[in-house]
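A look at the structure
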Amino acid sequence: MSRVYNFSAGPSMLPEAVLTKAAAEMLDYEGSGQSVMEMSHRSKVYDAIIKDAEKLLREVMQIPDNYKVLFLQGGASSQFAMVPMNLMTKNKKADYVLTGQWATKAYKEAARYGDAVAAASSKDKTFSYIPKLDKSMFRPDADYVHICMNNTIYGTVYHELPDTGDIPLVADISSCILSKPIDVSKFALLYAGAQKNMAPAGLTVVIVREDFIGNAMDITPTMFNYQTHADNGSMFNTPPCYTIYIAKLVLEWIKNEIGGLEKMQEINEKKAAMLYDFLDNSKMFKGTVVPEDRSLMNVPFVTGNEELDAKFVKEATAAGFVNLKGHRTVGGMRASIYNAMPVEGVEKLVAFMKDFEEKNS
Ligand SMILES: *Cc1c(COP(=O)(O)O)cnc(C)c1O
């Protein structure tokens with residue numbers, strides 16, 4: 001068997017230890033005689049799995065007790081509607097910071113349900129930076145400010161949170177959840193599609209402070225109301241059972257094998273530094289993001305020559321470094337180096353890039 005180094009932005013690599021464990025438990029989960037895929041979500045054995053997953057997430061992310069953890073479906077994209085339907089209900093206003101495609105989609109969706117405005121944007125420079133933000137840029141009576149913490153397509157991240165004063169802060173953390181510690185208490189709500197850094201596709205995690213639940217708009221579909229899921233322990237209907245189980249294995253891996261999110265951050269910083277150092281010193285490859293806003297997870301880069309980009313992607317693929325083609329709207333290359341990408345994968349990629357540069361210049 002030969003496995004590739006998969007730099008996909010999502011769905012993306014899972015830790016090999018997790019895949020091995022899932023394979024070993026595939027036909028008979030802990031003596032139940034069934035696969036987790038087959039069991040009733042109302043069974044005792046499954047109940048233990050979902051409860052463990054929540055317990056581990058709370059522990060690993062240090063989620064305070066006055067926050068609910070919801071395991072939902074519909075992807076981060078459903079949250080673009082659920083957030084305004086549930087939170088844009090007091091003054092019916094929300095302020096969005098546009099730092100890329102996902103942030104813009106979230107904003108456009110919110111604008112269908114109330115007075116959403118773009119408080120700031122980095123579109124002028126193809127979203128290659130995070131706008132400087134201060135309190136005066138937000139409406140004091142906004143129900144919340146929405147940010148996309150890590151911009152998967154453009155490779156930027158908020159290294160510091162914006163000061164929104166008393167206005168509640170909401171963040172899309174799809175592509176940076178579990179990459180390093182986050183102070184959950186600074187947020188009204190966090191959400192993430194699981195397929196970047198947590199599990200396979202199919203699960204969306206919402207972490208919401210309890211007092212932001214229960215005020216949804218009348219038009220809110222039952223399934224889009226956080227209250228529905230909070231009141232039922234994410235079991236109002238069938239949850240994405242198997243994906244939650246894999247998330248549990250990933251959380252066990254982070255806790256027991258990595259040693260928690262501080263350790264995870266150290267490893268992620270090491271990997272990112274290797275790649276950025278190479279890009280900063282290369283004559284052929286260049287990073288596309290301003291250095292102070294560079295993401296730890298998604299690293300876009302270009303050669304400045306489309307033909308050379310295509311040649312690089314083709315040869316990299318043949319050498320076992322796959323999914324390095326940049327997002328279709330940006331071009332160039334992008335290496336997504338989520339938690340599951342081993343240090344060795346980045347080392348080998350950098351060596352390959354060096355070699356390619358020598359041969360092609
Ligand atoms: C991938 C991604 C999304 C979209 O997620 P889906 O689960 O496909 O809806 C939204 N926001 C960010 C930051 C993402 O990386």
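Cut-offs used in this document
Residues numbered from 1 in each chain as written. Predicted model: local features only at pLDDT ≥ 70, side-chain atom pairs only at ≥ 80, totals over all residues. Heavy atoms only, no water. Pairing = 2+ DSSP bridges. Helix = DSSP H or I, 4+ residues; strand = E, 2+ residues; numbered from the N terminus. Near = heavy atom within 4 Å. Polar contact = N/O pair within 3.5 Å; in protein donor to acceptor, adjacent residues only side chain to side chain. Areas by Shrake-Rupley, 256 points an atom, 1.4 Å probe, with all protein chains shown as cover. 1 Å grid on protein atoms, 1.4 Å probe; cavity = no way out; pocket = protein on both sides within 12 Å on 5 of 7 lines; lining within 4 Å. Sits in = over half its atoms within 2 Å of the grid points. Nonpolar A, V, L, I, M, F, W, Y, C, P; charged D, E, K, R; others polar. Expected span 1.5 Å × (residues − 1). Buried < 20%, exposed > 50% of the residue type's maximum accessible area, 1.4 Å probe, protein only. Contact = heavy atoms within 4.5 Å.

**Here we look at the sheet that holds strand β11 (residues 286-287)**
- Within the open sheet, the three strands sit side by side as β11-β12-β14. Their pairing is antiparallel. The sheet is open, and its two edges are formed by β11 and β14 (333-336), each paired on a single side.
- As defined by bridge partners, β11 adjoins strand β12 (residues 298-302) across two bridges and the pair is classed as antiparallel. Paired with Gly287 across the bridge in β12 is Phe301.

**Focus on the site of the ligand**
- Around the ligand lies a shell of 13 residues, among which Ser77, Thr152, Asp172, Gln195 and Lys196 are the nearest.
- Here a nitrogen atom of the ligand and a side-chain polar atom of Asp172 are 2.6 Å apart.
- Side-chain polar atom of Gln195 to an oxygen atom of the ligand: 2.9 Å apart, as the coordinates give it.
- When isolated, the ligand has an accessible area of 390 Å², and the protein chains bury 87% of it.
- One can see that the ligand is located within the largest pocket.
- Of the residues forming the shell around the ligand, the biggest block, four residues, is contributed by helix α3 (residues 75-87).
- Taken together, the residues of the shell around the ligand sort by class into four nonpolar, seven polar and two charged.

**Quick notes on helix α2 (residues 44-61)**
- Across its 18 residues, α2 extends 26 Å between first and last C-alpha, which sits within 8% of the 26 Å expected from 1.5 Å per residue.
- Of the residues making up α2, those classed as buried are Tyr46, Ile49, Ile50, Ala53, Leu56, Leu57, Arg58, Val60 and Met61.
- Packed against the buried residues of α2 are β2 (67-72), β10 (204-209), α6 (241-258) and α7 (261-281).
- Positive phi shows up at Gln62, right after α2, with a value of about 50 degrees.

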